[in-house]
Amino acid sequence: MKKARATLDRVLSKAGIASRTTTREWIQQGRVKVNGRVVKNPDFWVEQKDTVHFDGAKVKAGKKVYIALNKPTGFVTSTQDKKNRPTVFDLVQDLGRWVFAVGRLDLDTSGLLILTNDTEFGELLLQPESKVPKTYYVKVSGVVTGEQCTQLESGLDIGRGERSGKAVVKPVRATEKYSWFELTITEGKNRQVRRMCEAIGHPVLKLVRIRIGHFELGDIPSGKYRKLEPRDLSRLLGRK
Ligand code: URA
């Protein structure tokens, strides 16, 4: 059953206007009206029959939006950057909606990044209990041995008192200098793949996230995104 009332900050964030923290600021600045009157209390209860305006525009019930971005290297996964580097949000400006990134990819990692305004879906995808597998295409220096693949698969000490859990390695190819393989993990520790590869003595040279659950990055061009449909969301969660 739909909730008949919600706090004013929630109504605005659910409508995809901005995060709850930001909407609270805007409400306190007097930019929001309920039934024609300025309300500065973000915790004000709004009933379904009420009309809400933000900066003079009527707030419509939030339509959920989900996108898959092919993140290029050189873009940070945060809204602002102290060093003024480009952010992934610069790449989705034409959406005209507030979205957040579900998890993050390092500056030097490229590939599949999900952005949405659906906080519940984002949390579901991220929470460790969901055990959603994430697959990376990895290029490392040196030749990775069978024994080292087993180490990656069994879990190993990745420093700072942390261990990686079980993983799956699929070798792709190797030359005298480099090895390429797919690595699937179900956790999201900070810089996990890089730390796993460092732990076996093969620093990462290139890292691309190619799959989340059963959803493939596919042919989305670098720096571009595509909107997702309900069946894509099931795939992301690992359901076929
Ligand atoms: N693991 C990493 O080391 N970096 C990423 O960006 C994602 C996973």
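The present account deals with the structure reproduced in this document. Bear in mind the structure is a predicted one, so any value in this text is a computation, not a measurement.

## Digging into unusual backbone geometry
Not every positive phi belongs to a glycine, and Asp-55 is a case in point at roughly 50°. Looking at the secondary structure, you find Asp-55 in the loop between β5 (52-54) and β6 (57-58). Judged by relative accessible area, Asp-55 falls into the partly exposed class, the value being 48%. Backbone geometry at Arg-191 places phi at a positive 50°, although glycine is not the residue there. By the secondary structure assignment, Arg-191 is in the loop between β12 (178-185) and α5 (192-199).

## Focus on the layout of surface pockets
Here the idea is plain: a probe the size of a water molecule rolls over the atoms and shows the empty space left. Looking at the second largest pocket, its volume works out to about 470 Å³. Forming the boundary of the second largest pocket are 28 residues, of which Arg-104, Tyr-136, Gly-188, Lys-189 and Arg-209 lie nearest the centre. Listing elements by their share of the lining of the second largest pocket, those giving two or more residues are β9 (109-116), α3 (119-126), β10 (134-141), α5 and β13 (204-212). Taken together, the residues of the lining of the second largest pocket sort by class into 12 nonpolar, 7 polar and 9 charged. Two domains each provide a minimum of three residues to the lining of the second largest pocket, namely domain 2 (66-129 + 215-236) and domain 3 (133-212).

## Digging into the site of the ligand
In the vicinity of the ligand, the contacting residues are Leu-105, Asp-106, Thr-109, Tyr-136, Arg-191, Gln-192, Val-193, Arg-194 and Leu-207. Here a nitrogen atom of the ligand and a side-chain polar atom of Asp-106 are 2.7 Å apart. In isolation the ligand has 240 Å² of accessible area, and contact with the protein removes 95% of it. Cavity membership is defined here by more than half of the atoms lying within 2 Å of grid points; on that basis the ligand lies in the second largest pocket. When residues of the shell around the ligand are sorted by domain, at least three fall in each of domain 2 (66-129 + 215-236) and domain 3 (133-212).

## Considerations on the pattern of salt bridges
Taken as a whole and assessed by the stated rule, the structure comprises 16 salt bridges. Residue Glu-182 pairs with Arg-211 through a salt bridge whose shortest N-O separation is 3.7 Å. Here Glu-182, found in strand β12, pairs with Arg-211, found in strand β13; they are 29 residues apart in sequence, far enough to count as distant. Judged by its relative accessible area of 14%, Glu-182 falls in the buried class. Glu-216 is the partner of Arg-211 in a salt bridge, and the nearest nitrogen-oxygen pair spans 3.0 Å.

Rules of the game
- Note on numbering: residues in each chain are counted from 1, in written sequence order.
- The model is predicted, so local features are restricted to residues of pLDDT at least 70 and side-chain atom pairs to those at 80 or more, both for listing and for counting; the totals for chains, interfaces and linings are taken over all residues.
- Heavy atoms from the whole structure form the basis of all side-chain values; hydrogens and water molecules are not counted.
- Per the convention used, a helix needs a DSSP run of H or I reaching at least four residues, while a strand needs a run of E reaching at least two, with both numbered from the N terminus.
- With a 1.4 Å probe rolled over the protein chains alone, any residue whose accessible area is under 20% of its type maximum counts as buried; one over 50% counts as exposed, and the rest are partly exposed.
- Both cavities and pockets are sets of points on a 1 Å grid over the protein atoms alone; in a cavity a 1.4 Å probe fits but cannot get out, in a pocket the set is open with protein on both sides within 12 Å along at least five of seven lines, and lining residues sit with an atom within 4 Å of a point.
- Grid points are joined across faces, edges and corners, and a volume is the space filled by probe spheres set on the points.
- Amino acid classes used here: Ala, Val, Leu, Ile, Met, Phe, Trp, Tyr, Cys and Pro are nonpolar; Asp, Glu, Lys and Arg are charged; the rest, including Gly, are polar.
- An automatic or database domain assignment supplies the residue ranges for each domain.
- Nearness is judged by heavy atoms alone; a residue qualifies as near a molecule or strand once a single heavy atom is within 4 Å of it.
- Polar contact criterion, stated in full: a pair of N or O atoms within 3.5 Å, where within protein one must be able to donate a hydrogen and the other to accept it, and residues adjacent in sequence count only if both atoms are side-chain atoms.
- Values of accessible area rely on a 1.4 Å probe in the Shrake-Rupley scheme; residue burial ignores everything except the protein chains shown.
- Each molecule is assigned to a cavity or pocket provided more than half of its atoms lie within 2 Å of the corresponding grid points.
- For salt bridges, the criterion is a side-chain nitrogen of Lys or Arg within 4 Å of an Asp or Glu carboxyl oxygen.

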